[in-house]
Amino acid sequence: MLTLPPAPQPAPKRQVFVGTALVSAAATMLVGGMLAIWAQFRADAPFRESPRRGPIKDWMPKDIVVPEVAANMMLIAFFVVCVMAQWAVWSAKRNDRQHAGMALGMTLLMGLATLNAQLFIWSQMGVDVRGGAFNSMFYAITGVMTFLVIAGLVYTAVATFRYLGRGNSDVPTLSAHALYWYFLTAAFTAVWFVVYVQK
Amino acid sequence: MTSTETHHAAGAASSTDAPAIATWLTTADHKQVGRLFIGTGLLGLLGGLVLAVLVAFERIDAEGFQLLDSGSATQVLSAARLLLTFGAVAPLVMGLAVAIVPLQLGSRSIAFPRVAAGGFWMWLTGLTLSVAAIIGNGGPSGGESEMVDLYLAASVVMVLGLAMAALSIAVTGLTSRTPGMGLLRAPFFSWSSFVGSIALLMSLPVFIGTSVYLYVDHRYARAAFGGNFGVNNWVGWAISQPFTYVLAIPVLGFVLDAVPVLGRTRLVQRPAANVAVGLVSVAIFASLTHRAVTLPWEGDGFFSGLGTKIADLLPFGLVNVIPLLGLLGVLGLTMLTLKSAKPMLAAPLPFAVLGLLMILLGAASHLLYTVEDAALGGTIFEAGSYVAVTFGTVLLAFGGLTYWGPKLWGRRIPDKAALPLALLGFVATALGSLPYMVAGFADQPAGVVDGFAYSGPQELWNVVTTGAFALMLLVSLAFVGLAVRSFTAGEPAGDDPWDGTTLEWATSSPPPADNFSDLIVVGSEYPLADIKNQGKVG
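This is a predicted model, so every value here is computed, not measured.

The rules behind these values
Residue positions are given per chain, counting from 1 as you read along its sequence in written order. All chains are assigned letters beginning with A, and all ligands numbers beginning with 1, in the order in which they are written. Residue-level local features of this predicted model are given only where pLDDT is at least 70; pairs of side-chain atoms are given and counted only at 80 or more, and the full residue set underlies all totals for whole chains, interfaces and linings. We count a stretch as a helix when DSSP gives it H or I for four or more residues in a row; a strand needs E for two or more, and each element gets its number in order from the N terminus. Here the radius of gyration uses the C-alpha set of atoms, whereas the globule reference equals 2.2 Å times the residue count to the power 0.38. Burial is judged by counting other C-beta atoms within 10 Å of a residue's own C-beta: 20 or more means buried, 12 or fewer means exposed, and anything between counts as partly exposed, with every C-beta placed from the backbone. Note on contacts: each residue gets a C-beta atom placed from the backbone, and two residues are in contact if those atoms are within 7 Å. For our purposes the nonpolar core covers buried Ala, Val, Leu, Ile, Met, Phe, Trp, Tyr and Cys residues that link as a set through C-beta atoms within 7 Å. Throughout this entry, Asp, Glu, Lys and Arg are counted as charged residues, while Ala, Val, Leu, Ile, Met, Phe, Trp, Tyr, Cys and Pro are counted as nonpolar. The remaining residues, Gly among them, count as polar. Two strands make a pair as long as DSSP finds a minimum of two bridges between them. Where helices are involved, their axes are fitted lines through C-alpha atoms of the stretch in contact, as for all axes, and angles between N-to-C directions lie from 0 to 180°. Any angle that falls under 35 degrees is termed roughly parallel, while one over 145 is termed roughly antiparallel, one within 65 to 115 roughly perpendicular, and all others oblique. Values of pLDDT, the confidence the predictor places in each residue, fall between 0 and 100. Each crossing is labelled by how the near helix is turned from the far one, with a counterclockwise turn of less than a right angle marking it left-handed and a clockwise turn marking it right-handed.

A. The arrangement of the overall build of chain A in detail. Scanning chain A from N- to C-terminus turns up five helices and two strands. In terms of overall dimensions, chain A is more spread out than a globule: its C-alpha atoms have a radius of gyration of 21 Å, far above the 16 Å expected for 199 residues. Across its three principal axes, chain A shows a C-alpha extent of roughly 90 × 40 × 25 Å. Looking at chain A as a whole, 41% of its 199 residues qualify as buried. Contacts in chain A between residues far apart in sequence, at least 24 positions, make up 76% of those at least 6 positions apart.

In C-alpha cells form, the structure reads like this:
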C-alpha cells in the first residue's frame with residue numbers, strides 16, 4: 001500500500017513579532033526600573049529656593065541647563081520614526097517595494113537624527129559624570145536609552161536588507177520592527193518627561 | 001511566514017565532520033545548548049557547595065580559629081551565593097527547559113536557537129568574570145575598586161545571557177506548539193518554563209538597570225548608591241527570597257509532570273495546577289521593591305491604624321503570601337494525585353516530592369522572617385530560608401535530570417543508585433537550613449562569618465550546618481559521577497522508559513536533530529496516551 005510522506009512541520013506563528021514584543025516588554029521593565037530609581041532619588045532630595053519658581057527639589061545641580069529645544073526635537077523625531085516604520089509596513093502589505101524601501105531609509109535617517117540629538121544634548125549640557133548623584137545617574141539612564149536606540153537602528157538595517165533581499169514576503173519582520181520603534185518612542189517619552197522636563 | 005528559525009542549520013552543525021569541540025562551541029541545537037547549561041551548572045554547584053562548606057566552617061569558631069581573613073571571608077560568602085544562585089540553580093533549571101520544552105511541545109527546534117546559544121555563552125562569560133572579580137576582592141563590599149567595577153559589568157552580562165535564554169523559551173511556548181496544543185494543554189514543565197521565563201524577562205531587566213546605575217556611580221562618582229558597600233543593598237534581592245522562587249518555577253512543572261506518570265495516574269484538578277504555578281510567579285514583584293517587603297505587625301496596635309496596615313499588608317501579601325499559596329497548591333495537588341496512585345519505585349519521584357517540600361519550607365520560613373515583630377531581620381534565619389529553597393530546587397533539578405536523562409543523552413541514571421541520593425539530599429537540605437533558622441531566633445548575625453558571638457549554642461548549629469553542606473557536596477559529587485557514568489556507559493533507556501503521556505516520549509532517545517520525523521496533531525492534554533490507546537483499539 002502506498003503511503004503519503006509525513007506532513008511538514010507548520011511554520012512557527014509570528015515568531016519574530018512575538019519575540020520583539022517580549023523584548024520590548026523586558027526593555028520597558030529596564031527603563032521603567034531605572035526611572036523608578038531616578039524618581040526615588042529625586043523625591044528624597046531636599047528642597048532649595050529657586051529665584052523664578054520658589055522652592056524646588058535640589059536634585060539637578062544649579063549650573064546645568066537642559067537644552068529643551070533639542071530634547072523636544074528628539075521626542076518629535078521619535079514620533080516621526082514610528083510613522084516611517086508603519087509606512088514601511090503599510091507599503092510592504094501592498095507589495096509597494098519602492099515606498100517600503102524609502103520608508104525604511106527614512107526610518108534609519110530619523111533614527112540617526114535621534115542619536116545625533118542625544119549627542120548634542122550631552123555636549124551642550126556638559127554634565128561632569130563625577131559631579132554627583134544626578135550626574136552619574138543622568139549618564140546611566142540616557143546611556144541605556146542610547147543603547148536601545150542603536151539596537152533599533154541595527155534592527156532597521158537588518159529589516160531593510162531582509163526586505164529588499166527577500167522580496168515582499170517579509171511583512172511580519174517589518175511589523176515587528178515597527179513595534180520596537182513604538183516601544184522606543186514610549187520609553188523615550190517617559191525619559192523625556194522625567195529627566196528633561198521634570199528634572 | 002517569515003522566521004529566523006534555523007533548525008536545519010543547527011542539525012547540520014551537529015552532524016558535520018567538524019571537530020567535537022567546534023561542534024559544541026558553535027551548536028544551535030537546543031538539546032546541546034541545554035546540555036551545556038546543565039554541565040556547567042553542575043560544575044557551578046560543586047564550586048558553590050565547596051565555598052558554602054568553607055563559610056559554614058568559619059562560623060563554627062567565629063572568634064577563634066579561622067581559615068580566612070575577614071575581607072576574604074566576605075568575598076567567599078558573596079561567591080558562594082553567586083555560584084549557588086546564578087552558577088548552579090539558574091543554569092540547571094534553564095538547561096532543562098531549553099532541552100526539554102521544544103520536545104514536549106512537538107516542535108523541531110527552540111525559537112531563536114542562536115539567541116539561546118548566545119545566551120549560554122554570555123551567561124558563562126559573565127559568571128566567570130564575576131567569580132574572577134570576587135577572587136580579586138571585587139565582589140559586594142570588595143576592596144579593589146576596579147574589580148568591583150568588573151563584578152558589576154560582568155553580572156550584567158551574566159544576567160543578560162539568562163534573559164536571552166528565557167526569551168527563547170518564552171517565544172517557543174507562544175509560537176512553536178504542535179497543532180492542537182493550546183498553551184493550557186501543554187505539559188506542565190512547558191507551562192511552568194513559560195511562566196518562569198516570562199517572570200525572568202520581567203524581573204532580570206530591573207537587575208540590569210540597577211547594575212548599570214551602580215556601575216556608573218561606582219566607577220565615576222560614588223555619590224548615590226553607597227559605593228562597594230551598597231551593591232548588595234540594591235541588587236541583593238536577586239540572590240535572596242522571594243526572587244529565588246522565580247528561578248524554581250520551571251522545575252515545579254517537573255513535579256506536576258513526573259508524579260502522575262510515575263504514579264500511573266492523572267493529575268487531579270489540572271487547571272488549578274496551572275493557576276498555582278502562575279501564583280508563584282508573583283514573586284517577581286520583589287524585583288520592583290529592591291528589598292524584602294516586611295510587615296510591621298506591632299502587636300496589639302495592629303488594628304489602631306487600619307489604613308496604614310492595609311497599605312502594609314497589600315505588598316506583603318503580594319510578594320510573600322501569594323507565592324507561598326502557589327507552592328502550597330502545587331504540593332496539595334501532588335499529594336492528592338499520589339493518594340490515588342500506584343507509584344513505581346523510581347528515583348525522580350522522591351526527588352520531586354522531597355525537593356518540593358524543602359522549597360515550601362524555605363518559602364514558609366521566609367514569610368515568618370518578613371514579619372517584623374519576629375525580630376529576625378539581620379539574622380542568619382534568612383540563610384536558612386535560602387538554603388531550603390536553593391537546595392530544594394537543586395533536588396528538583398536532579399529529579400528532572402533523572403527523569404529526562406533518556407532524552408538528554410539516551411541513557412538512564414540507575415534508580416538503585418539515585419534513590420539514596422534523593423534521601424541524603426533531603427537530609428542535607430533539612431540539616432543545612434533548620435539549624436540556621438534556630439540560630440536566627442538566637443540572633444546569630446547574617447552576612448558575617450567571624451568576629452561575632454551570640455547567646456545560642458554557636459558551635460552546635462554551625463557544626464551541623466557545616467556537616468550538612470559537606471553532605472550535600474558529597475551527594476552532588478555522587479550525582480555528577482552517576483550522570484557522567486550514565487552518559488558514557490549507561491544502559492540504553494528506550495524511547496519511553498516511564499510509559500509517559502507527553503510528546504517528548506514519542507521520539508527516540510536521544511532525539512534526532514529535528515526532534516520529530518512526523519507531525520503530531522494533538523487532541524488532548526495527554527497526546528502520547530491518546531496515540532497508545534488508538535494503537536490498542538486499532
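Next, the rest of the story.
B. Spotlight on the overall build of chain B. Of regular secondary structure, chain B possesses 17 helices and zero strands. For chain B, the C-alpha radius of gyration of 23 Å lies close to 24 Å, the compact-globule estimate for 538 residues. Dimensions of chain B along its principal axes, counting C-alpha atoms only, are 70 × 50 × 45 Å. Within chain B, the proportion of its 538 residues that are buried is 58%. In chain B, once contacts between residues fewer than 6 apart in sequence are set aside, the share between residues at least 24 apart is 83%.

C. Here's a closer look at the nonpolar core. By size, the foremost hydrophobic cluster in this structure holds 247 residues, and its most contacted members are Leu162 and Leu201 of chain B. If one sorts the elements of this core by residue count, helix H4 (residues 70-104) of chain B sits on top with 22 residues.

D. Summary view of the interface of chain B and chain A. Taken together, the contacts link 34 residues of chain B with 38 residues of chain A. The dominant element in the side of chain B that touches chain A, judged by the number of residues it contributes, is helix H7 (residues 188-221) of chain B, at 13 residues. Per-class residue counts for the side of chain B that touches chain A are 22 nonpolar, eight polar and four charged.

E. Representation of the environment of phenylalanine 17 of chain A within the structure. Residue and element names in this part refer to chain A. Within the secondary structure layout, phenylalanine 17 lies in helix H1 (residues 15-44). The buried category is assigned to phenylalanine 17, around which 20 C-beta atoms lie within 10 Å. Separated by 161 residues in the primary sequence, phenylalanine 17 and alanine 178 place their C-alpha atoms 9.7 Å from one another.

F. Seen up close, unusual backbone geometry. All names here are of chain B. Omega for the peptide link from glutamine 241 to proline 242 comes to 0 degrees, which places this bond in the cis form. On the secondary structure map, proline 242 appears in the loop between helix H8 (231-235) and helix H9 (243-262). A cis amide bond links serine 509 with the next residue in sequence, proline 510, at an omega value of -10 degrees. Positive phi values are uncommon outside glycine, yet arginine 264 reaches one of about 55 degrees. Counting through the fold element by element, arginine 264 comes out in the loop between H9 and helix H10 (270-280).

G. Region of interest: the pairing of strand E2 (residues 54-57) of chain A. Residue and element names in this part refer to chain A. Inspection of the sheet shows strand E1 (residues 47-50) paired to E2 by four bridges, in the antiparallel sense. Its bridge partner lying in E2, arginine 48 is registered against isoleucine 56. Linking two consecutive strands that pair antiparallel, namely E1 and E2, is a turn of three residues.

H. Looking closely at the packing of helix H14 (residues 381-409) of chain B against helix H15 (residues 415-441) of chain B. Residues and elements named next belong to chain B. With their axes 7 Å apart at the nearest point, H14 and H15 run at an angle of 170 degrees to one another. With respect to H15, the element H14 is oriented roughly antiparallel. Residue-level inspection shows Phe381, Ala383, Gly384, Val387, Ala388, Phe391, Gly392, Leu395, Phe398 and Thr402 of H14 in contact with H15, the latter providing Ala418, Ala422, Gly425, Phe426, Ala428, Thr429, Gly432, Ser433, Leu434, Tyr436, Met437 and Gly440. When its residues are assigned to classes, the contact of H14 with H15 shows 14 nonpolar, eight polar and no charged.

I. Layout of the confidence of the model for chain B. Residues and elements named next belong to chain B. For chain B, per-residue confidence averages 89 on the pLDDT scale, and residues scoring 70 or more make up 92% of the total. Counting interchain partners and residues more than four positions distant, the pLDDT-below-50 stretch residues 1-15 has 45 contacts. As a predicted assembly, this complex carries a pTM of 0.92 together with an ipTM value of 0.93.

J. Expanded view of the packing of helix H6 (residues 145-175) of chain B against H7 of chain B. All names here are of chain B. Contact geometry of H6 with H7 gives a least axis separation of 8 Å together with a crossing angle of 155 degrees. By the criterion of interaxial angle, the relationship of H6 to H7 is roughly antiparallel. At the point where H6 passes H7, the crossing takes the left-handed sense. Each residue belonging to the contact of H6 with H7 can be placed in one class, and the counts come to 23 nonpolar, seven polar and two charged.

K. Just the environment of threonine 40 of chain B, in detail. Residue and element names in this part refer to chain B. Relative to the helices and strands, threonine 40 resides in helix H3 (residues 30-60). The class for threonine 40 is buried, based on 20 C-beta atoms found within 10 Å. Counting along the chain gives 287 residues from threonine 40 to leucine 327, while the straight-line C-alpha distance between them is 28 Å.

L. Spotlight on the environment of aspartate 149 of chain B. Residue and element names in this part refer to chain B. Along the chain, aspartate 149 falls in helix H6. Looking at aspartate 149, the number of C-beta atoms within 10 Å reads 19, which means it is partly exposed. When the C-alpha positions of aspartate 149 and leucine 36 are compared, they lie 28 Å apart, and in sequence the two are 113 residues distant. For aspartate 149, the contacting residues outside a window of four places in its chain are Tyr215, His218 and Arg219.

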